Amino acid sequence: MVGFFLRRIGTILVTMFAVLTAVFFLARLSGDPARVLVSADATQEYREAFRSKFGLDLPVLTQYRIFMSNVILHGDFGDSYRFRGAALPHVLARAVPTLKLALAAMCVALLIGIPCGLAAGLKPNGLLDVGVQTFALLGQSMPTFWLGIMLIIVFAVKLKWLPVLGRGSPLDLVLPALTLGFSTAALIARMLRVAVIDIASEDFVRTARAKGLRESTVILRHILRSALIPVITIVMVDFGFLMGGAIVTETVFNYPGMGLLAIQAIYARDFVVVQVFVVFSALLVTFANLLADFLYALIDPRVEYE
Amino acid sequence: MRKANRLLKYRSLAIGGLVMVCMIVLAVAAPLLAPYEPNQIDLRARLRPPSWESGGNPPHILGTDSLGRDVLSRILFGGRISLLIGVLSVVGQGLVGVVIGVSAGYWGGVLGATLMRIVDMQLSIPFLILAISVSAAVGASLLNVIVVLAISGWPIFARLARASTLQLVNAPFVEAARSIGRADAGIIRQHILPNIAGSLLVAATYQMAFMILSEAALSYLGLGVPVDTATWGTMIAAGRNYVSSAWWIVAFPGVAIVVTVLGVNMMGNGLHDLLNPRMS
């Protein structure tokens with residue numbers, strides 16, 4: 001197993017190298033940032049000075065070599081065009097609120113998804129099951145940003161239970177977390193339902209019942225515990241989806257995370273910040289997947305990696 | 001019980017299919033059905049609520065937006081663009097993904113390994129983040145959105161096509177075809193593709209639902225089609241600033257998205273159950 005994970009880390013390094021390369025050339029597709037960032041009536045000298053300050057006047061391959069060696073050797077992605085100083089600390093500072101939001105969304109998803117999936121799976125084709133299946137289908141089919149705006153309309157504008165704009169209280173996190181976690185909740189409910197139906201008819205569950213264990217013990221200890229294994233993998237793999245959804249959710253709620261920073265950087269053609277954001281997201285997703293494999297092996301002794 | 005299950009299966013496919021057909025008919029017939037021109041501005045009729053609310057103006061059934069444009073007409077015309085982008089981007093990514101995936105699965109070797117490394121790399125960047133970055137780089141237009149979504153979505157098909165091909169490469173009927181000297185292209189066309197078409201079709205259906213959602217998200221962020229084009233995503237973006245006074249501008253285009261995507265997903269579920277009888 002150690003060998004498996006060492007090889008996985010090797011693959012991750014190659015992947016990240018490729019991601020860095022892709023991100024570098026992608027940013028060059030979007031045209032000359034000097035055109036957008038330097039005001040139209042600036043002098044030609046000023047424009048040239050701006051280009052040489054950021055190394056934009058060098059041949060592309062030279063820029064690429066400098067970019068890669070700076071990133072790999074010094075962790076330096078270069079300076080932001082919009083803010084003073086290096087881009088990396090700006091993104092990292094905004095990563096904390098985003099991770100907070102993602103974590104809150106994941107809690108929402110688990111708190112809604114697990115009871116729904118368990119209840120539906122224990123009584124398949126019952127009334128509750130039909131309701132949960134409808135919810136699961138809806139969660140798959142609803143645009144995140146629209147859900148966010150509708151929640152604002154219902155809970156902030158009409159009912160006035162929550163503020164429209166954040167005021168720095170923990171309540172600010174409620175609507176964004178609900179928005180971002182909704183589709184994951186639906187996914188968890190759907191997957192857990194199938195797993196519970198499968199496991200409820202297994203021999204060890206019948207044995208547990210035959211031993212005279214209380215029904216709640218059978219459900220929680222025997223059924224739920226085994227059924228949660230596939231759910232853990234889904235939750236980790238869905239992390240990438242959550243990061244993408246975070247951009248949209250943060251934009252809807254004007255939430256100061258790195259998704260909002262990235263989208264503002266895109267509007268401003270500040271591609272250094274966009275690069276850091278894409279690479280950082282890829283890194284998070286890759287490690288989430290690795291963690292999923294690791295947890296899987298830890299929880300389920302039958303899993304063996306070669 | 002078994003019969004009831006089968007009926008349930010067809011029901012999902014039937015309802016999903018029906019929704020899809022309705023949406024396509026509405027989109028195609030938009031010029032006949034829409035009571036107004038989608039971009040017709042009428043500043044005297046700004047922010048009119050739906051006709052059943054007080055202050056509503058009967059000809060504007062679903063109300064008007066901040067420029068007095070008719071919400072219903074814009075939804076009908078917007079559907080054309082959403083469906084067009086959904087279908088074409090899936091066709092694009094399907095073609096690229098299947099060609100690459102089948103080649104990697106059939107011939108394997110260094111080529112196959114390299115192609116799959118590219119797939120891994122691309123899948124490590126979250127879909128929406130990739131789509132946003134690419135579309136920011138190439139700019140907003142209808143064709144660009146289709147290309148961006150196709151570029152961002154092909155790895156799913158490549159991975160699926162490769163896995164399904166790998167299961168068939170050493171199957172007896174493929175071996176037999178090879179031993180009588182059939183060319184690779186013929187084997188792929190006659191023996192591989194027909195056998196993997198089912199699972200690809202299911203994937204294409206789910207992917208189309210996802211593409212419609214993604215197009216809406218891109219348009220919402222101002223990175224999809226040009227902002228003055230009526231699409232469901234741009235309509236929601238335009239209504240964002242009026243949430244406290246005019247909920248209908250945001251609500252109805254969203255309902256259109258949910259109904260359409262729900263229909264496509266139900267079709268996907270139905271097809272999946274139909275083609276994998278053992279799974280259900």
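All of these numbers come straight from a predicted model, not from anything done at the bench.

Enquirer: How would you sum up the interface of chain A and chain B? Please name residues and give values.
Expert: By a widespread convention, an interface's size corresponds to the accessible area lost as its parts come together. Tallying the contact residues gives 33 residues for chain A and 34 residues for chain B. Of all the secondary-structure elements, those providing two or more residues to the side of chain A that touches chain B are helix H1 (2-29), helix H6 (127-141), helix H7 (144-158), helix H11 (239-253), helix H12 (258-267) and helix H13 (271-299) of chain A.

Enquirer: Can you tell me about the confidence of the model for chain A, naming the residues and giving the values?
Expert: Overall, the prediction assigns chain A a mean pLDDT of 85, with 94% of residues at 70 or greater. Element-level pLDDT for chain A is lowest in helix H2 (residues 33-37) of chain A, with a mean of 68, against a maximum mean of 92 in helix H5 (residues 87-122) of chain A.

Enquirer: Please provide a residue-by-residue account of the confidence of the model for chain B, values included.
Expert: In this model, chain B carries an average pLDDT of 89, and 95% of its residues clear a pLDDT of 70 or more. The element-level mean pLDDT for chain B is lowest in helix H1 (residues 2-28) of chain B, coming to 83, with helix H3 (residues 71-107) of chain B highest at 95.

Enquirer: Can you break down unusual backbone geometry residue by residue, with the values?
Expert: Residue and element names in this part refer to chain A. In this structure, Asn-254 takes a positive phi of about 55 degrees despite not being glycine. Looking at where Asn-254 falls in the secondary structure, it is placed in the loop between H11 and H12. Residue Arg-269 is not a glycine yet carries a positive backbone phi of 60 degrees. Its location among the elements puts Arg-269 in the loop between H12 and H13.

Enquirer: Give a detailed account of the nonpolar core, specifying residues and quantitative values.
Expert: Membership of the largest hydrophobic core comes to 156 residues, with the highest contact counts inside it found for Ala-262 and Val-273 of chain A together with Ile-132 of chain B. With 16 residues, helix H8 (residues 184-220) of chain B is the single largest residue contributor to this core. The contacts of Val-273 of chain A, once residues within four sequence positions are left out, are Ser-80, Ala-87, His-90, Val-91, Leu-261, Ala-262 and Ala-265 of chain A.

Enquirer: Could you give an account of the packing of H11 of chain A against H13 of chain A, with specific residues and numbers?
Expert: Residue and element names in this part refer to chain A. At their nearest, the axes of H11 and H13 sit 9 Å apart, and the two run at 155 degrees to each other. Viewed along their axes, H11 and H13 adopt a mutual orientation that is roughly antiparallel. Classified by chirality, the crossing of H13 by H11 is right-handed. Listed contacts from H13 to Phe-239, Gly-240 and Met-243 of H11 are Ser-281, Leu-284, Val-285 and Ala-288. Taken together, the residues of the contact of H11 with H13 sort by class into 5 nonpolar, 2 polar and no charged.

What counts and how
- All residue numbers refer to position in the chain's written sequence, counted from 1.
- Here every chain gets a letter starting at A, and every ligand a number starting at 1, in the order they are written.
- With pLDDT at 70 or above as the cut-off, local features in this predicted model cover only qualifying residues; side-chain atom pairs require 80 or more to be listed or tallied, and sums for whole chains, interfaces and linings still use all residues.
- Each residue gets a C-beta atom placed from its backbone, and two residues are in contact if those atoms lie within 7 Å.
- In this text, helices come from DSSP runs of H or I with a minimum length of four residues, and strands from runs of E with a minimum of two, each type numbered from the N-terminal end.
- For every residue, the predictor assigns a confidence score, pLDDT, that lies between 0 and 100.
- By convention in this section, buried Ala, Val, Leu, Ile, Met, Phe, Trp, Tyr and Cys residues joined through C-beta atoms within 7 Å make up a nonpolar core.
- In this scheme the burial state of a residue depends on its C-beta neighbours within 10 Å: 20 or more other such atoms mean buried, 12 or fewer mean exposed, and anything in between means partly exposed; the C-beta positions come from the backbone.
- Inter-axis angles, ranging from 0 to 180 degrees, are taken between N-to-C directions of lines fitted to C-alpha atoms, where helices are fitted over the stretch in contact.
- An angle below 35 degrees is read as roughly parallel, one above 145 as roughly antiparallel, one from 65 to 115 as roughly perpendicular, and any other as oblique.
- Crossing handedness: left-handed means the near helix sits turned counterclockwise from the far one by under a right angle, and right-handed means the same turn made clockwise.
- Gly is put with the polar residues, along with every residue not named as nonpolar or charged; the nonpolar set is Ala, Val, Leu, Ile, Met, Phe, Trp, Tyr, Cys and Pro, and the charged set is Asp, Glu, Lys and Arg.

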